[in-house]
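# Structural overview
Now for the letters of each chain:
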Amino acid sequence: MLSLPAFATGLPARVLLLALAYAVSGHLALMLAIPPGFASAIFPPVGIALAAVLIWGYPMLAGVFLGSTLLNLSIGFSGFEHLSLKGLLIAMGIALGTSVQSLIGAWLIRRFVGFPTPLDTERSIFLLLMLGGPLACLISASAGVGVLYAGQAISGAQVSFSWWTWWVGDCIGVLIATPLMFILFAEPRALWRSRATSVGLPLLVSCAIMVLIFIRAGTAEQDNLRLRTHEQAKMMAATLKFRFELYNRALQSIERLFAASQQVSRDEFATFVGRLPIAYPGILALSWNARVSADQRSAYESEMAAAGFADFQIRQRDSLGALLPAEQRGSYVPVTFIEPFASNAPAVGYDVASDPTRRAALERARDNATAAMTAPIGLVQDDRQQPGVLLFYPLYRSHQPPAELVERRRQLRGYAVAVIRTDQLVDFALGNYPRQDFHLRLSDISEPDPMPLYGQDLAALPAYAQPLVWQEDWDQGGRRLRIEIAPSEAFLLEQRSLQSWAVLAGGLVLCSLLGGLLLTITGRAEQVRRQVEQRTLELSAILEHAAEGILIFDQQGLIERANPASADLFGYRIEELAGQPIGRLIPALHGCSAATLQAQLGRAREVSGSHACNQQLELEISLGSYELPGRRLYICMLHDIGERKRVERLKSEFIATVSHELRTPLTSIKGSLGLLGAGAVGELPPQVHDLVRIAQSNSERLVCLVNDILDVEKLEFGQAGINLSCTDLRPLLHEALAHNLGYADAFQVRLQLDDSALPAQVMVEVDTLRLQQVLSNLIANAVKFSEPQQQVDISAAIVDASVRIQVRDHGPGIPDEFRPRIFQKFAQADASDSRRRGGTGLGLSICKTLVERMHGQIGYSSVVDQGSTFYFSLPLSHA
Ligand code: ADP
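An unreviewed UniProt entry lists the chain under the name histidine kinase, from Pseudomonas zhanjiangensis. Recorded in UniProt for the chain, the comment headed Catalytic activity (unreviewed entry) runs: "ATP + protein L-histidine = ADP + protein N-phospho-L-histidine."

Given below as structure tokens:
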């Protein structure tokens, strides 16, 4: 188990650690969010939270709440950068949603899957991931988005998108982080630890690859966006520069007017410039400012007074902005004509050179013989003090700018002046651009402190938008201007492509499927392992405690495993048996080929075995086999039948002795009774005769029985010699018919032999006497079980390489329940048969043994109430 440091095992420490893990992993996840917004394709903290609540219990919910609150406070949802009550409420609202989600997710899992769980069945894996993932995650997404909307942190239009990405992120977080947490901390430890390499590693690696791909795709997307916004910004900047140039031209045209005519009247000026403010929006006024030297001042003032400006004086402003008569100076640049006149009349006579800002521009214009612009100034024409500039264009008496600076200063006649509101100029210049998409700032940066000319505060742009800002500096009328253009949030929202998000989300869903699959596979493997373990234990227990000996040996006949019973049986220790050739213990299995072994499978067979101290063992063995990859093993079950055999031998010897001893007196009793019955001692009274007959028939049955018993014993213990010789079958069949005709007559049964299917000669290797015994037995049975007047058919036919002889009757047939026992000794379907029809129940058993000794097979078919057919086949002899 990944052991936490000792201090981390207490409940409060665990809660704090969880909160920390939640906040940190949340932060990392949000780095993957696509701006603007908080849509991360994977949000693992919820998976960590769910697992923690499952593993360490519901008190962990405190850690979830704390971690989530911290995380949400630290990211500060739009507009709540600073800790505020509203921000805190929003953070806590979201945290509450997450906690409830973890609670319900954990409860559902405990209820329907159970916990701790080895997660080793498809059902449990599927249920756990579905309940904790897609189902429970509905809660946090709904609560979180609801709280953000209520707190006006997102607009109504953003709700559905936010909900969807939130839910997807949470689901993927659970699908991936929960199994990883289980691997680290859950019980049963052995299983989960073993999944570290088989599930955890592949899952982590595949997720990491997905995230890398996403980051690359995200960067490419961001680059693309920057390229597009910069392209647009460049065009906007160029348009603006061009606009400024146009305004210079307009001013130049006024200069040219004055250059062209010696005397321009106020009316002419008004007519010339009248339309210009309309064509050049932002121009508040256009004026002609004559240069008046100190000695020309009074003449100029009287001239202006004569032109209708009563009390005309060249004026300047004091520090409070009030207009006062101009101080004595070397020269003045008073406003002489100004249009539109009505709104600008008070400016007439104002010496623009009296103000240092304006004077600096005037001097620059004069000395450079170009248009010059002032630093930004608050415009007197506007109540709202919008930033504006004055543009000056110099006019020289020589009509062309003199080459020498001294001459320029001497010959200066005046200035064409434009008063420009930069905001109107900019708005008009960029009127054709989608302005709502961009934040724009124009400032004069000629001095260390930039002075604003236009625009909103770009500092308000969110961090992610900073790299998208376009900035360009240029000289305009002797001032250095800077334009900065940045995409607006609305524009970014609109441009936001979900492609990379979808790629990541899709990829991570695949990863979690992979995780689920790996869990399933490892779960299955674990199940199999457990089953194998259990089966092995069971089998070992069976082997260990079986009363029968069991030996397992391989194809080479080497013993692989032996159980204690087999070790006892052969007088070895178990360890000694392993590796020994099976042939040493059971000579019959020595050097057996696979085919021989295969042929013996499933059949019990009696063999002898050799004990450690060279004693002979009598065993019954049966073989089984099973296949392992690349080899086959055999199981030999051993049953010690030494004792049984000894008892059987005793029994048969006893029976044989008894029967033998019985036979001689019985024969003489039977002979005497026969003589009695035949009237050898004279006619017997009828009652005596009957008694003698009964006694005689019973003594006959007894002789039969004794003979049969002796037969069986002889056959079983091999004393009965069977002398096989090659004989033609047909005469034997006729002989059998002849022998049994009398018997059949006694039962009024007809006997019929059909040998028409046989070829001329049918050679078989048989013991003729024994074959007669078999045939007589079958015929006698058939006759016995026939009703008077019925017929018994004997027939023979060649089937394959053998001849098949059958005896068919129309008697009662063999009852089903008796069939399995029919060839056993002393077996009779109906015990009363022995009295009714005679017989000992030994006949068929003897027949079977005899037929088999003659290498044939015996069988029967029978339908109850319709008759039976007993048959046996003998191999054809080709001698
Ligand atoms: P048994 O000396 O009693 O005839 P068998 O071994 O010959 O002993 O037969 C065993 C039993 O099989 C009979 O008692 C009888 O129940 C049944 N059986 C044998 N042959 C026939 C037959 N042809 N029809 C019906 N039952 C038969």
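Within the chain, the secondary structure is distributed over 27 helices and 26 strands. The C-alpha radius of gyration of the chain comes to 61 Å, more than 25% above the 29 Å expected for a compact globule of 879 residues. Counting only C-alpha atoms and orienting by the principal axes, one finds that the chain spans roughly 205 × 65 × 50 Å. For the chain, the proportion of its 879 residues judged to be buried stands at 47%. Carbon and sulfur atoms form 59% of the exposed surface of the chain, whose accessible area is close to 43,100 Å². Positive and negative side-chain charges in the chain, numbering 75 and 83 respectively, have mean positions lying 5 Å apart.

Before going further, it helps to examine the UniProt feature "transmembrane region" (unreviewed entry) in the chain. Mapped onto this numbering, the UniProt entry gives "transmembrane region" (unreviewed entry) at residues 15-34, 46-68, 88-113, 125-151, 163-186 and 198-218. Across residues 125-151, the secondary structure splits into 93% helix and 0% strand, with the terminal C-alpha atoms separated by 38 Å. Each end of residues 163-186 is marked by a C-alpha atom, and these two atoms are 31 Å apart; helix forms 96% of the span and strand 0%.

Taken in spatial order, the five strands make up an open sheet running β21-β23-β24-β26-β25, and their pairing is mixed. The sheet is open, and its two borders are formed by β21 (750-754) and β25 (857-863), each paired with just one other strand. Averaged over neighbouring strand pairs, the angle between their axes works out to 15° when direction is ignored. When strand β23 (residues 791-799) meets strand β24 (residues 802-808), the two strands line up antiparallel, connected through seven bridges. Residue pairing across strands places D793 opposite R808, the latter belonging to β24. Sheet contacts for helix α25 (residues 768-784): β21, β23, β24 and β26 (867-875); angle to β26, the most-contacted strand, approximately 170°.

This part is about the site of the ligand. For the ligand, the set of nearby residues contains 21 residues, the closest of which are N781, K784, D809, Q828 and L844. Between the ligand and L844 there is a distance of 2.7 Å, counted from an oxygen atom to a backbone nitrogen or oxygen. Alone, the ligand offers 530 Å² of accessible surface; in the complex the protein occludes 97% of this. Placement of the ligand is best described as lying within the second largest pocket. When contributions to the shell around the ligand are tallied by element, the ones reaching two or more residues are α25, α27 (843-853) and β26.

One pass over the structure, following the stated rule, counts 34 salt bridges. As a salt-bridge pair, E526 and R530 come within 3.6 Å of each other at their nearest N and O atoms. With E526 and R530 both in helix α17 (residues 499-545), this residue pair falls four residues apart, about one helical turn. Classification of R530 as partly exposed rests on a relative accessible area of 36%. One salt bridge connects E533 with R529, and the closest N-O pair in it is separated by 3.5 Å. With a gap of four residues between them, E533 and R529 both fall in helix α17, about one helical turn apart. Overall, E533 belongs to the partly exposed group, its relative accessible area being 43%. Overlapping salt bridges bring together D120, E526, R529, R530 and E533 as one network.

What follows covers the packing of aromatic side chains. Here the structure, examined in full by the defined rule, presents 21 aromatic pairs. Relative to F312, the ring of Y300 lies with its centre 5.7 Å away and its plane at 70°, an arrangement referred to as edge-to-face. Taken together, the residues Y300 in helix α11 (residues 297-306) and F312 in the loop between α11 and β3 (315-317) connect sequence positions 12 residues apart. There is no split in this pair, since Y300 and F312 are both buried. Every member of this aromatic cluster is reached through a ring pair, and the members are F258, F269, W288 and F337. The ring of F112 carries R111 above its face, with NZ or CZ at 4.7 Å from the centroid. Between the NZ or CZ atom of R195 and the centre of the ring of W192, over which it lies, the distance is 4.6 Å.

On to the side chain of N248. Within the element layout of this structure, N248 appears in helix α8 (residues 189-260). If near-sequence neighbours (up to four positions away) are discounted, N248 is found in contact with A371, L391, Y393 and Q476.

Taken together, the side chains of Y58, L96, V100, L103, I104, W107 and F112 define a hydrophobic patch exposed on the protein surface, amounting to about 600 Å² of accessible area. Among the structural elements, L96 can be located in helix α4 (residues 85-112).

Turning our attention to the environment of E606. Among the secondary structure elements, E606 is positioned in strand β17 (residues 605-610). C-alpha separation for the pair E606 and A299, spaced 307 residues apart in sequence, amounts to 155 Å. The residues contacting E606, other than those within four sequence positions of it, are L619, E620, I641, R644 and K645. Among the polar contacts made by the side chain of E606, one reaches the side chain of K645 at a distance of 2.8 Å.

The contact between helix α5 (residues 122-135) and helix α7 (residues 159-185) brings their axes to 8 Å, and the two run at 140°. Once α5 is placed against α7, the crossing between them reads as right-handed. Across the interface between the two elements, L128, L129, G132, G133 and P134 of α5 pack against W167, C171, V174, L175, P179 and F182 of α7. A class-by-class count of the residues in the contact of α5 with α7 yields nine nonpolar, two polar and no charged.

Once that is clear, we can look at the nonpolar core. Ranked by internal contacts, the top residues of the largest apolar core, which has 76 residues, are L240, I254, F258 and L442. Looking at this core element by element, the count peaks at 12 residues for α8. Residues in contact with L442, not counting those within four places in the same chain, are L240, F244, V426, M451, P452, L453, Y454, W474, R482 and I483. The next biggest cluster of nonpolar side chains, apart from the first, holds 68 residues, and it includes A23, A29, I42 and F43.

Next up on the list: the pairing of strand β13 (residues 470-476). Along any regular strand, the residues point their side chains to alternate faces of the sheet. Residues of β13 alternate between two faces, with W470, E472, W474 and Q476 buried on one and Q471, D473 and D475 left unburied on the opposite face. One ladder, built from seven bridges, connects β13 with strand β14 (residues 479-487); its direction is antiparallel. From the neighbouring strand, D473 faces β14, where its bridge partner is R482. Linking two consecutive strands that pair antiparallel, namely β13 and β14, is a turn of two residues; a positive phi of about 55° is found at G477 within it.

Let's shift gears to the environment of R663. Mapped onto the elements of the fold, R663 is located in helix α22 (residues 642-677). A distance of 2.9 Å separates a polar atom in the side chain of R663 from a polar atom in the side chain of N707.

Rules behind the numbers
Residues numbered from 1 in each chain as written. Predicted model: local features only at pLDDT ≥ 70, side-chain atom pairs only at ≥ 80, totals over all residues. Heavy atoms only, no water. UniProt positions renumbered as here; feature names shortened; annotations may be inferred. Helix = DSSP H or I, 4+ residues; strand = E, 2+ residues; numbered from the N terminus. Rg over C-alpha atoms; globule rule 2.2 N^0.38 Å. Buried < 20%, exposed > 50% of the residue type's maximum accessible area, 1.4 Å probe, protein only. Areas by Shrake-Rupley, 256 points an atom, 1.4 Å probe, with all protein chains shown as cover. Lys, Arg positive; Asp, Glu negative; His and termini not counted. Charge placed at Lys NZ, Arg CZ, Asp CG, Glu CD. Pairing = 2+ DSSP bridges. Axes fitted to C-alpha atoms, helices over the stretch in contact; angles between N-to-C directions. Contact = heavy atoms within 4.5 Å. Near = heavy atom within 4 Å. Polar contact = N/O pair within 3.5 Å; in protein donor to acceptor, adjacent residues only side chain to side chain. 1 Å grid on protein atoms, 1.4 Å probe; cavity = no way out; pocket = protein on both sides within 12 Å on 5 of 7 lines; lining within 4 Å. Sits in = over half its atoms within 2 Å of the grid points. Salt bridge = Lys/Arg side-chain N within 4 Å of Asp/Glu carboxyl O. Phe/Tyr/Trp six-rings, centres within 6.5 Å; stacked < 30°, edge-to-face > 60°. Lys NZ or Arg CZ within 6 Å of the ring centre and 35° of its normal. Patch = residues over 30% accessible without salt bridge, like charges linked within 9 Å, V, L, I, M, F, W, Y side chains within 5 Å. Left-handed = near helix turned anticlockwise from the far one by under 90°. Nonpolar A, V, L, I, M, F, W, Y, C, P; charged D, E, K, R; others polar. Core = buried A, V, L, I, M, F, W, Y, C linked by side-chain atoms within 4.5 Å.

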